[in-house]
Amino acid sequence: MKKIIGMAIAALAVVAIIMSGDIAHASTGGPPMGYNTWYQFDSGINETNVLQQAGELVSSGLAGDGYSTVTLDDGWQGTSSATRTSTQPLTWNPQSFPHGIPWLAAQLKSMGLNLGIYTAIGKNTCTDSGHLAGSYGHYAQDAATFASWGVTFVKVDSCKGLPAGTSDAQLTSDFSQFGGYITSRGMTYSEELPVLLPVGSAQYFAAIAASSQFANMWRVAPDENFTQSPSFTILGHLADDLPLHGYARPGHWNDLDMLVPGVPAAHPFDWSLSSEESQLSVWAQEASPLILSTNIGSLNAAELAALKNPDMIAIDQSGSQAPVSVSSGNILAVIKGADGGYSVLLANTGSFAQHASFTLPALHVKYTHARDLNVWTRSTGGLTGVSVTLSPGQTYLLVLTNG
Ligand code: GLA
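Note that the coordinates shown come from a computational prediction; the quantities given were computed from them, not determined experimentally.

J.: Describe the packing of aromatic side chains, with residues and values.
T.: Counting across every chain of the model gives twelve aromatic pairs. Arranged with centres 5.3 Å apart and planes meeting at 85°, the rings of tyrosine 39 and phenylalanine 269 form a pair that is edge-to-face. Taken together, the residues tyrosine 39 in helix 3 (residues 38–41) and phenylalanine 269 in the loop between strand 7 (253–255) and helix 10 (273–285) connect sequence positions 230 residues apart. Here tyrosine 39 matches phenylalanine 269 in class, with each residue buried. Ring centres 4.7 Å apart and planes at 20° place the aromatic pair tyrosine 139 and phenylalanine 178 in the stacked group. Of this pair, tyrosine 139 sits in helix 6 (residues 139–149) while phenylalanine 178 sits in helix 7 (residues 168–184), placing them 39 residues apart in sequence. You can call phenylalanine 178 buried: its relative accessible area is 0%.

See below:
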């Protein structure tokens, strides 16, 4: 009985969040939100450009909307993988970070932001021909170092530098051990174990099951690639993620990789506004972390408004990944919610325009009549079923409430 009441309260909380647009990630362990340097700078990061992006995060209002962790991706290190000794701590590149990482963490803190940092599970990291040191053999030491610098979020990559023949079981055990050192110091643990393995394979699912026990977020889809079409990336990641909803729960999230609005300098995605909104729709419905990686200062008003859309953020932070999906032809409908409120994502996964109609029961929505809100156009209405015509790759996101 107690459990049923608890579930009803949780369901009502989800509705309240969807309806009010409250940002709940801080209190409920919703998917992390923030900024990452990778797609804008690749490994060419320094304290000046990080602080500039941080300033724009604050002045644009994005930080106030929850995008408040600034992560230094690969390229900050000053320690060489070839010469790191068994006791040597990691340090920063003194040319790019002349004031040091603890100073940067303090600067960010004074701006109301947190510092995240990247490392790798192996002996070296993924970039710059592997000459930068990773954390292999140093998991406890590096977690202690990061905590002492004021880091609150650690991203651990899966690539490179593991002893030849390392088994999946050993790799998983290494990720678990490193995660224990990270989380026991109160830092959030983001990792990439699953994407080292073929997406959809038995090893991949085993890695996700393990990651969901010891990590706060784990990458389930490959890196975004600007040479591929937006819908290939967005709907491809959605397809990868649909079977994984059972692993997601407060404090533990499937990670679809970063948001790439605008035109990041080093990886020049150049998506239309509607593709950028599609990415946000899928990430929100799937409760993926919302981690922005672009040149924030170059985003236009419509792009900023999309990132700040309160319903999109509330859907992302509502406490669950969408558990239900149904199809009509090439139109896929993905649904989440509870008594009193649902979010519904529709997507055309095919190669030609298509019309589809779903009754509310077909969408697992328990109303005979619903009020609907289009999350992007803000138009509202009433309906007894959802009918759409979508072009290939197009998506549509709405919130349904009783009435
Ligand atoms: C991998 C990760 C990226 C980024 C780079 C850095 O490709 O998936 O997110 O961290 O490494 O080298």
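Text resumes after the structure shown.
J.: Go over the confidence of the model for the chain, please, and point to the residues and values.
T.: For the chain, mean pLDDT is 92; residues scoring 70 or higher make up 92% of the total. Residue range residues 1–27 is modelled with pLDDT below 50. Its contacts to residues more than four positions away, or to other chains, number 31 contacts.

J.: Which residues make up helix 7, and what values go with them?
T.: Taking 1.5 Å per residue, 17 residues should reach 24 Å; helix 7 reaches 24 Å between its end C-alpha atoms and fits that length. Looking at helix 7, one finds that the buried residues are Leu171, Thr172, Asp174, Phe175, Phe178, Gly179 and Ile182. Down the axis of helix 7, the sector holding all buried residues measures 155°, keeping them to one side. Along helix 7, the residues that are exposed and aim more than 90 degrees away from the buried face are Ala169 and Ser184. Contacts from the buried residues of helix 7 go to strand 3 (114–120), helix 6, strand 4 (151–157), strand 5 (188–191) and helix 8 (202–214). Just downstream of helix 7 lies glycine 186, where phi reads positive at about 80°.

J.: Kindly report on the site of the ligand, identifying the contributing residues and their values.
T.: Near the ligand, the surroundings consist of Trp38, Asp73, Asp74, Tyr118, Cys126, Thr127, Lys155, Asp157, Glu192, Arg219, Asp223 and Met258. Side-chain polar atom of aspartate 74 to an oxygen atom of the ligand: 2.8 Å apart, as the coordinates give it.

J.: So what about the pattern of salt bridges? Which residues, and what values?
T.: Counted under the stated rule, the structure contains seven salt bridges. Arginine 219 serves as the salt-bridge partner of glutamate 192, at 3.0 Å between the closest nitrogen and oxygen. Of this pair, glutamate 192 sits in the loop between strand 5 and helix 8 while arginine 219 sits in strand 6 (residues 217–219), and the two are 27 residues apart along the sequence. Pair check on accessibility: glutamate 192 and arginine 219 agree, each one buried. For the salt bridge of aspartate 311 with arginine 378, the shortest nitrogen-to-oxygen distance reads 2.6 Å. Of the two residues, aspartate 311 is situated in helix 12 (residues 310–316) and arginine 378 in the loop between strand 13 (370–374) and strand 14 (380–383); the sequence distance between them amounts to 67 residues. By relative accessible area, which is 8% here, aspartate 311 ends up buried. Taken together, the shared-partner salt bridges connect Asp73, Lys155, Glu192, Arg219, Asp223 and Asp257 into one network.

What counts and what doesn't
Residues numbered from 1 in each chain as written. Predicted model: local features only at pLDDT ≥ 70, side-chain atom pairs only at ≥ 80, totals over all residues. Heavy atoms only, no water. Phe/Tyr/Trp six-rings, centres within 6.5 Å; stacked < 30°, edge-to-face > 60°. Helix = DSSP H or I, 4+ residues; strand = E, 2+ residues; numbered from the N terminus. Buried < 20%, exposed > 50% of the residue type's maximum accessible area, 1.4 Å probe, protein only. pLDDT = per-residue confidence, 0-100. Contact = heavy atoms within 4.5 Å. Expected span 1.5 Å × (residues − 1). Arc of directions from axis to C-beta. Near = heavy atom within 4 Å. Polar contact = N/O pair within 3.5 Å; in protein donor to acceptor, adjacent residues only side chain to side chain. Salt bridge = Lys/Arg side-chain N within 4 Å of Asp/Glu carboxyl O.

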